[in-house]
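Given next are the chains, with one letter for each unit.
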Amino acid sequence: MSVVSYQLNGDIGVIRLNNPPVNVLSHALRSGILEAVTQAQNDASLALVLICEGRTFIAGADISEFGKPPMLPSLSELLIVIEASQKPIIAAIHGTALGGGLETALACHYRCALLGAQVGLPEVKLGLLPGAGGTQRVPRLAGVKAALDLMTTGAPIAAAKALSIGLIDKVVEGDLLSGAVAFATEVVAQGAELKRVRDLEVDKAGTSTEFFAEYRATLNKRFRGQEAPHRIVECIEAALNTPFDEGLKEERRLFVECMQSSQSAALRHMFFAERMSSKIKGLPKDTPLKDIKRVGIIGSGLMGGGIAMNFVNVGIPVTLLDISQEALQRGKDLVAKNYAMTVSKGKLTATLAAQRQAMITGTTDYHDLADMDLVIEAVFENLDIKKQVFAKLDNVCKQGAILATNTSYQDVNLIAQATSRPQDVIGLHFFSPANVMRLLEIVRGEETSDEVLASSMAIAKSIKKVPALSRVCYGFIGNRMLRHYAREAQLCLLEGSTPQDIDAVMQKFGMAMGPFAVGDLAGIDIGYKAREGLTDEQKGDVRTYCIADALYEMGRLGQKTGSGYYQYDPKTRQRNVDPVVLEVIEAQAHKRGVVRKEITDDTILQRLTFALINECFKILEEGIAQRPSDIDVVYAFGYGFPAYRGGPMFYADSIGLDKIYQSICEFANTYGAEFWQPAALLKQLVEQGKTLTQWANS
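This part takes up helix α13 (residues 325-344). Given a rise of 1.5 Å per residue, 20 residues ought to cover 28 Å, and the 28 Å separating the end C-alpha atoms of α13 matches this to within 8%. For α13, the set of buried residues is A327, L328, G331, V335 and Y339. Down the axis of α13, the buried side of the element spans an arc of 115°, and every buried residue falls inside it. Exposed residues lying more than 90 degrees from the buried face of α13 are Q325, E326, R330, K337 and S344. Its buried side turned inward, α13 meets α12 (302-312), β11 (318-321), α14 (350-358) and β12 (360-363).

Let's shift gears to the pattern of salt bridges. What the rule picks out here adds up to 31 salt bridges. Residue R275 pairs with E274 through a salt bridge whose shortest N-O separation is 3.9 Å. Overall, the relative accessible area of 41% leaves R275 in the partly exposed class. For E274, a relative accessible area of 23% translates into the label partly exposed. Between E488 and R487 there is a salt bridge; the shortest N-O distance is 2.8 Å. For the pair formed by E488 and R487, the shared burial category is buried. Within the structure, one salt-bridge network assembled from shared partners comprises R487, E488, E495 and R607.

Sheet strands associate in pairs through backbone hydrogen bonding, adopting either a parallel or an antiparallel arrangement. If you walk across this open sheet you meet the 3 strands as β5-β7-β8, and the pairing is mixed. Edge positions in the open sheet fall to β5 (96-98) and β8 (157-158), since each of these has one partner strand only. Here helix α3 (residues 100-107) sits on the sheet in contact with β5 and β7 (118-120), set at roughly 90° to β5.

Assignment of secondary structure puts A468 in strand β17 (residues 466-470). Classification of A468 as buried rests on a relative accessible area of 0%. Through-space distance from the C-alpha of A468 to that of D630 is 6.0 Å; in sequence the pair is 162 residues apart. Discounting residues that sit within four places of it in the chain, A468 has contacts with S277, L439, L440, E441, I442, D630, V633 and V634.

Turning our eyes to something else, we now look at the packing of α13 against α14. As a packed pair, α13 and α14 sit with axes 10 Å apart at the nearest point and diverge in direction by 160°. Of the possible angle classes, the one that applies to α13 and α14 is roughly antiparallel. Seen along the crossing, α13 lies across α14 with a hand that is right-handed. On the side of α13, the interface is formed by V335, A336, Y339 and V343, while α14 contributes A350, A353, R356 and Q357.

A water-sized probe rolled over the atoms picks out the places where empty space is left. Here the second largest pocket is characterised by a volume of approximately 480 Å³. Forming the walls of the second largest pocket are 19 residues, and the residues nearest its centre are H269, S629, T693, A696 and N697. Of all elements in the fold, only α11 (262-276), α26 (628-639), α27 (647-655) and α30 (692-697) reach the threshold of two or more residues within the lining of the second largest pocket. Grouping the amino acids of the lining of the second largest pocket by side-chain chemistry returns 9 nonpolar, 5 polar and 5 charged.

Successive residues of a regular strand alternate their side chains across the two faces of the sheet. Here strand β1 (residues 4-9) runs beside strand β2 (residues 12-17); their pairing, made up of 6 bridges, is antiparallel. Residue pairing across strands places L8 opposite G13, the latter belonging to β2. Between β1 and β2, which pair antiparallel in sequence order, lie 2 residues; one of them, G10, sits at a positive phi of approximately 70°.

Counting residues in hydrophobic clusters, the biggest one holds 72 residues, and the most contacted among them are Y565, F617 and I631. Apart from the residues within four sequence positions on either side, I631 is in contact with I477, M481, C616, I619, L620, A625 and M649. Core analysis: the next-biggest nonpolar cluster, separate from the first, contains 69 residues, L25, I82, I168 and F223 among them.

Counted according to the given criterion, the structure contains 0 disulfides. C258 takes part in no disulfide bond, and the closest cysteine sulfur, belonging to C235, lies 7.7 Å away. Unpaired in this structure, C492 has its nearest cysteine sulfur neighbour in C546, at a distance of 13 Å.

Right, let's get into the side chain of E495. Counting through the fold element by element, E495 comes out in helix α18 (residues 478-495). Of the residues examined, E495 reaches a relative accessible area of 15% and is grouped as buried. E495 has contacts with V594, V595, R596, K597, I599, R607 and Y671, leaving out every residue within four places of it along the chain.

The subject of this paragraph is unusual backbone geometry. With the exception of glycine, the majority of residues adopt a negative phi angle, and the majority of peptide bonds are in the trans configuration. In this model, P20 is joined to P21 through a cis peptide bond whose omega is 5°. Tracing the backbone shows P21 in the loop between β2 and α1 (27-40). Residue P433 is bonded to the preceding S432 through a cis peptide linkage, with omega at -5°. Phi at N23 is positive, roughly 55°, even though this residue is not glycine. Along the polypeptide, N23 turns up in the loop between β2 and α1. We note that K464 has phi near 65°; this positive angle belongs to a residue other than glycine.

Summed over the entire model, instances satisfying the criterion amount to 15 aromatic pairs. Grouping aromatic residues by their ring pairs yields a cluster made of F431, F509, Y635, Y639, F641 and Y651. Looking at R487, its charged tip hangs above the ring of W676, at a distance of 5.2 Å from the centre. The ring of Y566 carries R575 above its face, with NZ or CZ at 5.2 Å from the centroid.

Contact geometry for helix α8 (residues 209-222) and helix α9 (residues 228-241): axes closest at 10 Å, N-to-C directions at 160°. Between α8 and α9, the interaxial angle falls into the category roughly antiparallel. In the packing of α8 onto α9, the handedness of the crossing is right-handed. Residues F212, Y215, R216, L219 and N220 of α8 touch α9, and the partners they reach there are P229, H230, V233, E234, I236, E237 and L240. Classifying every residue of the contact of α8 with α9 by side-chain character gives 7 nonpolar, 2 polar and 3 charged.

Before going further, it helps to spend a moment on the sheet that holds strand β10 (residues 295-298). Strand order in the open sheet formed by 8 strands is β12-β11-β10-β13-β14-β15-β16-β17, with mixed pairing between adjacent strands. The outermost strands of the open sheet, each flanked by one partner alone, are β12 and β17. Between one strand axis and the next, the sheet turns through 25° on average, direction left out of account. Of the strands in this sheet, β11 and β12 are in contact with α13, which crosses β12 at around 160°.

What counts, and where the lines are drawn
Residues numbered from 1 in each chain as written. Predicted model: local features only at pLDDT ≥ 70, side-chain atom pairs only at ≥ 80, totals over all residues. Heavy atoms only, no water. Helix = DSSP H or I, 4+ residues; strand = E, 2+ residues; numbered from the N terminus. Expected span 1.5 Å × (residues − 1). Buried < 20%, exposed > 50% of the residue type's maximum accessible area, 1.4 Å probe, protein only. Arc of directions from axis to C-beta. Contact = heavy atoms within 4.5 Å. Salt bridge = Lys/Arg side-chain N within 4 Å of Asp/Glu carboxyl O. Pairing = 2+ DSSP bridges. Axes fitted to C-alpha atoms, helices over the stretch in contact; angles between N-to-C directions. Parallel < 35°, antiparallel > 145°, perpendicular 65-115°, else oblique. Left-handed = near helix turned anticlockwise from the far one by under 90°. 1 Å grid on protein atoms, 1.4 Å probe; cavity = no way out; pocket = protein on both sides within 12 Å on 5 of 7 lines; lining within 4 Å. Points joined across faces, edges and corners; volume = space filled by probe spheres on them. Nonpolar A, V, L, I, M, F, W, Y, C, P; charged D, E, K, R; others polar. Core = buried A, V, L, I, M, F, W, Y, C linked by side-chain atoms within 4.5 Å. Disulfide = S-S within 2.5 Å. Phe/Tyr/Trp six-rings, centres within 6.5 Å; stacked < 30°, edge-to-face > 60°. Lys NZ or Arg CZ within 6 Å of the ring centre and 35° of its normal.

Below, the structure written as structure tokens:
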């Protein structure tokens, strides 16, 4: 069946696109549109309507064609034909018109949309820019500032907003085809004017040199290290200062530059990695799913309350359990504060916020969890306490309920053994703040059933999380990696660096925050208390935590006490260097017999990132993670690793496994083999001359 059909509806020609599931601009679709537009030039139609079947308008380019030899017609060539049509073409939009989909609509002479439709140019999220005239047409319709905002954020906007800034001409109510045909008939009745966007002038008001300088400075803060947003600004400047065709040439040049960049390759990798992470190897596609209509959460603190918000946000009521009414009230107050903040930013109405909070019921009685379909434990990170909780759940919860632990480190198998139904127990590791962070580590116990596993993946998607599967080990994927990253940060500190130098290196690399700024934000007491439950052997070398312990013992717990690795302004929370910390570092170095000396930025970067990467290989060889890209998803979505580096595993392949292996061997000689034993899988791949990608696909 053809993905494009054409027929006359009276004197209006209707071009229907049907390329499931989201009408991507594949070669077949482009060819079909070209043929239909060409045919219509010589028939009895007076105007044309371009409309899509299914749940959405054209949702973008066919990303599977990226990197392959081009097949004609290209999208740019097709849009020239659409715009040059001698009969007005009206794009009829429903669902989403994204990327090349919106660019196709912009090449039409008019655009109408259902009220619930959205339009956007998300190419920047793949390290790209709109490459089929979007950077030249949007500023001509919507103005420079609106065009910059739309393209540099990549965020879609609603039809009403698109109408207000001039991107679309009409919002249609009721049946889209009827409304679009009626609009086309109006256009014909008014003279069938061909409103070609290319013929419009860009409004130059407010577009001074200072405006662009300020906008670039804002981009540097919001998208630190990313190249594509700045290339978009260059394209908009070309639209402002050159004829349309010259602007198209500049757009094409910069698009190719972005397409060939390492950043775009990394972001495209992350695009596919995110979609792959929810697929479980060996899990039958017909595995039945449990229906999750009611959720119980144990622990109403910051984590429990944040988890609750995820469910009520999608209409699933939550019963929140804690040890006392006072504790419950504190938890509800935290939830209310979070919602109030969202309302103050204009992202949610006060009415909707109140409705969602009303879906959270508090209790101190475990029996109120009897009818829950899913119960998530979010209590203190102590194995004995968690086992006690699960023993109680085993007694009160209905058969078939999913019993989940939000543990960050503890053994899910041991927790499951506290019940008579280990097949129903799973780890659902949310990240703080749970109502914001997108990652959800799903931890598969030895006896977790396929049904529970498949249902947990479905739950993650329903609450808009990015799931990644892990087997059981201490810290699972993310926190296990973090220990080695933190180890090297602490050792670099002891051996000669400073918190601000190390944080600066990692921020320049692209991390949202450096390790010590993160430590102060989370609280130095968190790590200290976690170590309290470990043996000396489990804690490891005292050099890897002695500075942190010394700060804890001084009462310097981070932002919550106004001082940690840094000093904080009590009013603004501004971070400042504190000479006292250097005294602590030097005292600990002297006590441990460490002679401090300067450490270069390159060495800091390699020690921290290569420690991560080496542990990633061990996680893979042990089967803790399913695939390298899952590890990239965990560290990018949960730990702030820059997506434009592609995650630790993609980054490793991009700089060369042989270089990493050689550096790790050198580090073993310089800094101690106890910290730097190359992973067996890394050594194997280097000896075989294979990349991680080749290994994963073999």
